[in-house]
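Per-entry structural report
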Amino acid sequence: MTGRVEGKVAFITGAARGQGRSHAVRLAAEGADIIAVDICATFEKSPALGATTEDLAETAELVKNLGRRIVTAEVDVRDHAALTDVLDSGVEQLGRLDIVAANAGIGTTGVRLDRMAEDLWQEMIDVNLSGVWKSVKAAVPHLLAGGRGGSIILTSSVAGTKAYPHTGHYVAAKHGVVGLMRTFAVELGQHNIRVNSVHPTHVNSPMLMNEKTYRMFRPDLENPGPADLEPICRTFHVLPIPWVNPEDISNAVLFLASDEARYITGVTLPVDAGSCLK
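Calculation criteria
- Residues numbered from 1 in each chain as written.
- Predicted model: local features only at pLDDT ≥ 70, side-chain atom pairs only at ≥ 80, totals over all residues.
- Heavy atoms only, no water.
- UniProt positions renumbered as here; feature names shortened; annotations may be inferred.
- Core = buried A, V, L, I, M, F, W, Y, C linked by side-chain atoms within 4.5 Å.
- Buried < 20%, exposed > 50% of the residue type's maximum accessible area, 1.4 Å probe, protein only.
- Axes fitted to C-alpha atoms, helices over the stretch in contact; angles between N-to-C directions.
- Helix = DSSP H or I, 4+ residues; strand = E, 2+ residues; numbered from the N terminus.
- Parallel < 35°, antiparallel > 145°, perpendicular 65-115°, else oblique.
- Left-handed = near helix turned anticlockwise from the far one by under 90°.
- Contact = heavy atoms within 4.5 Å.
- Nonpolar A, V, L, I, M, F, W, Y, C, P; charged D, E, K, R; others polar.

Under an unreviewed UniProt entry, the protein has the name 3-ketoacyl-ACP reductase and belongs to Mycolicibacterium diernhoferi. Quoted verbatim from the Sequence similarities (unreviewed entry) field of the UniProt record, the comment on the protein reads "Belongs to the short-chain dehydrogenases/reductases (SDR) family."

Encoded structure:
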């Protein structure tokens, strides 16, 4: 089956690499043109280095190589005015908007919630929760103007369905994304706009695969690497794997964006190797 989103336009945040890049390439391969944004910067408290301008340019080349059009911009999802500007420009160039994949997010580690610094908490909420709201808020007018309905997919996490210690700010933000999803689904359903969330477990992307994360999980080793992280990550899952790949999440995003899911809305879809069962 090909052309599952043929002729449609998708807006993707956090598109420079990882899951966001994978979503852009997967949707383009199935016929969509892309509006792709990323902050292209490192967050000081994140263990992972941020994406770069070059990363976003590489995403653009991958999409163009599939014969699709793409509009890119370096945008912070905390900046609603900037999101609005790039969507106005992108829709003017590409002609429409049909799909929103609010994927941008950060991961930072902290301490117990009662000991967490306020700035660490606030940055997480601003990016991973308010940034999702602002991304959708900027996109909805274009979906409504098109009069064709649409599909909005919000990236939450397994941490949007259950708690983990020492990441309460992340857990709270990702639970909040589910609240946004359900409310948008109720409010926009009359316009045939569907809203769902995807809930990845560990993903083989820079947010997980970095030296600081290896050291955090394996402080007993002098130079830990992915192989040392693997047995720990396996314990989170029912299926015998340590993590999924970005493409696994993109497959779910594509399904929810396509007409195959035309009557699916308000759903929390795990891509988690059974992690929600543990």
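This paragraph deals with the nonpolar core. By size, the foremost hydrophobic cluster in this structure holds 44 residues, and its most contacted members are F11, I35, L97, I152, L154 and V195. Judged by nonpolar contacts, the second largest core, of 31 residues, contains A28, L56, A252 and A261.

A word on the packing of helix α1 (residues 18-29) against helix α8 (residues 246-257). Orientation of α1 relative to α8, taken along the N-to-C sense of each, is 50 degrees, at an axis distance of 8 Å. Comparing their axes, α8 and α1 come out oblique. Two packed elements cross with a definite hand, and for α1 against α8 that hand is right-handed. Mapping the contact onto sequence places G18, Q19, S22, H23, R26 and L27 in α1 and P246, E247, I249, S250, N251, V253, L254 and A257 in α8. Across the contact of α1 with α8, the residue classes tally to six nonpolar, six polar and two charged.

Moving on, we come to the packing of α1 against helix α2 (residues 53-64). Packing of α1 against α2 brings their axes to within 9 Å, and their N-to-C directions diverge by 15 degrees. Comparing their axes, α2 and α1 come out roughly parallel. When you trace α1 past α2, the crossing you get is right-handed. Each of R21, A24, V25 and A28 in α1 lies in contact with α2, whose residues at this interface are D55, E58, T59, L62 and V63. Residue composition of the contact of α1 with α2, by class: five nonpolar, one polar and three charged.

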